[in-house]
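# A look at the structure
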Amino acid sequence: MIQRFTPIEEKRNLTLSADQIDSFNKNGFVIIRGLYTEEEIELIINLRDESERKVQVNGESFKIDRAFYDVEKVRDIESEKSVTLRKIQEVYSSESDFRKVSSSNKILDIVQDLIGDTIYYHSSKLMCKNPGGRRKPWHQDYAYWPDMNNTNQVTVWAAIEPSTRENGCIQIIPGSHKRGLIDHYQGEDYMINEDNIENENIEYAVMEPGDILFFNVLALHASDPNCSDKPRLATIIDFDSNPKPHAAEYGDEQPLRC
Ligand SMILES: O=C(O)CCC(=O)C(=O)O
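My aim in this report is to walk through the structure given alongside it, one point at a time.

Definitions and cut-offs
- Residues numbered from 1 in each chain as written.
- Predicted model: local features only at pLDDT ≥ 70, side-chain atom pairs only at ≥ 80, totals over all residues.
- Heavy atoms only, no water.
- Helix = DSSP H or I, 4+ residues; strand = E, 2+ residues; numbered from the N terminus.
- Rg over C-alpha atoms; globule rule 2.2 N^0.38 Å.
- Buried < 20%, exposed > 50% of the residue type's maximum accessible area, 1.4 Å probe, protein only.
- Contact = heavy atoms within 4.5 Å.
- Lys, Arg positive; Asp, Glu negative; His and termini not counted.
- Charge placed at Lys NZ, Arg CZ, Asp CG, Glu CD.
- Pairing = 2+ DSSP bridges.
- Axes fitted to C-alpha atoms, helices over the stretch in contact; angles between N-to-C directions.
- Near = heavy atom within 4 Å.
- Polar contact = N/O pair within 3.5 Å; in protein donor to acceptor, adjacent residues only side chain to side chain.
- Areas by Shrake-Rupley, 256 points an atom, 1.4 Å probe, with all protein chains shown as cover.
- Nonpolar A, V, L, I, M, F, W, Y, C, P; charged D, E, K, R; others polar.
- Phe/Tyr/Trp six-rings, centres within 6.5 Å; stacked < 30°, edge-to-face > 60°.
- Lys NZ or Arg CZ within 6 Å of the ring centre and 35° of its normal.
- Core = buried A, V, L, I, M, F, W, Y, C linked by side-chain atoms within 4.5 Å.

## Some details on the overall build of the chain
Along its length, the chain carries 4 helices and 14 strands. For the chain, whose C-alpha radius of gyration is 17 Å, the value lies close to the compact-globule estimate of 18 Å for 258 residues. A principal-axis box enclosing the C-alpha atoms of the chain has dimensions of 50 × 40 × 40 Å. With 258 residues in all, the chain has 53% of them scored as buried. For the chain, the share of sequence-separated contacts (at least 6 apart) that also reach a separation of at least 24 residues comes to 83%. When the 30 positive and 45 negative side-chain charges of the chain are each reduced to one mean point, those points stand 0 Å apart.

Next up, the structure:
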């Protein structure tokens with residue numbers, strides 16, 4: 001079972017308990033419940049709704065500065081929409097509300113407990129996963145950017161809407177971060193060979209709005225398609241203990257904390 005922790009009241013200088021840090025080190029992830037406030041959740045829902053309106057005007061994927069608005073075809077033929085927003089990659093660069101919510105002091109306080117005192121922004125996504133949204137095969141985030149040359153990084157996955165087995169919550173394999181970088185190939189996505197995946201001890205990260213999953217960038221994870229009739233919105237942001245290496249695709253030269 002995924003360990004459950006009680007919500008932490010909002011304040012500066014949050015620290016995780018020794019149990020929470022042990023769980024992260026042992027399993028490669030930890031869930032902290034009720035971390036985003038209602039106001040923060042509302043800001044992100046408004047950002048999604050506003051972005052969805054832009055997508056409906058444009059009708060196809062587009063870029064605003066570094067941010068990539070990635071659309072996908074919707075399953076529901078009854079719907080008036082023919083496309084919907086799948087995700088905004090590098091949303092941190094274009095949306096101040098995303099920056100404010102996803103890298104607030106309380107988030108950085110926890111990240112500091114997990115990767116140390118020096119924290120750099122690495123990469124980000126607003127993951128909309130609307131009804132019919134496709135699955136994400138098994139992968140390690142680090143496989144997408146091994147040019148960073150540093151695995152002391154954490155992915156922060158926050159539920160903005162309920163995240164359930166039906167709508168494709170994150171699935172994760174405890175302890176898999178200790179296996180090192182596993183071979184990936186370009187299949188339906190950039191992914192590992194899934195032949196023996198059903199024999200793994202898979203945990204389902206069922207989460208309520210405001211709950212946040214912190215995981216090591218080597219932790220194996222995936223998600224099923226959204227088979228419900230409701231969207232499953234999440235913010236995803238990665239933090240790194242090192243600055244962006246010259247010519248790396250992601251990262252930042254200026255620390256958020258040091
Ligand atoms: O939110 C999801 O369903 C999967 C996200 C993910 O693992 C990723 O984008 O790397």
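Now that the structure is up, let's keep going.
## Quick notes on the sheet that holds strand 13 (residues 221–223)
Within the open sheet, the 4 strands sit side by side as 6-13-8-11. Their pairing is antiparallel. Strands at the two margins of the open sheet, each flanked by one partner only, are strand 6 (136–139) and strand 11 (203–205). Recorded for the sheet is a direction-independent mean angle of 25° between the axes of neighbouring strands.

## As for the site of the ligand
Neighbouring the ligand are Lys 125, Met 127, Lys 129, Lys 136, His 139, Asp 141, Trp 157, Ile 170, His 221, Ser 223, Arg 232 and Ile 236. Interatomic distance of 3.3 Å between a side-chain N/O atom of Asp 141 and an oxygen atom of the ligand. Within the side chain of Trp 157, an N or O atom sits 3.1 Å from an oxygen atom of the ligand. Protein coverage of the free-state accessible area of the ligand, which is 300 Å², stands at 97%. Elements that contribute at least two residues to the shell around the ligand include exactly strand 5 (120–127), strand 6 and strand 13. The residue inventory of the shell around the ligand, partitioned by class, reads 4 nonpolar, 3 polar and 5 charged.

## Some thoughts on the packing of aromatic side chains
Each pair of aromatic rings is reported with the distance of its centres and the angle of its planes. Taken as a whole and assessed by the stated rule, the structure comprises 4 aromatic pairs. Aromatic side chains Phe 62 and Tyr 69 sit 4.6 Å apart centroid to centroid with 10° between the ring planes, which places their arrangement in the stacked category. Of the two residues, Phe 62 and Tyr 69, both sit in the buried class. The lysine or arginine in question, Arg 165, covers the ring of Tyr 204, its NZ or CZ lying 3.5 Å from the ring centre.

## Considerations on the environment of Cys 227
Its place among the elements puts Cys 227 in the loop between strand 13 and strand 14 (234–240). Each C-alpha atom of the pair Cys 227 and Gly 168 lies 7.4 Å from the other, and the pair is 59 residues apart in sequence.

## Focus on the nonpolar core
Counting 41 residues, the largest nonpolar core has Val 111, Leu 126, Val 154, Val 156, Phe 214 and Phe 239 as the members making the most contacts within it. Examining the composition of this core, we find that 6 residues originate from one element, helix 4 (residues 105–115), more than from any other. In contact with Val 154, other than residues within four places in its own chain, are Phe 24, Val 111, Leu 114, Ile 115, Phe 214, Phe 215, Val 217, Ile 237, Asp 238 and Phe 239. Ala 159, Ile 170, Ile 172 and Met 207 belong to the second-largest nonpolar core, a separate cluster that totals 14 residues.

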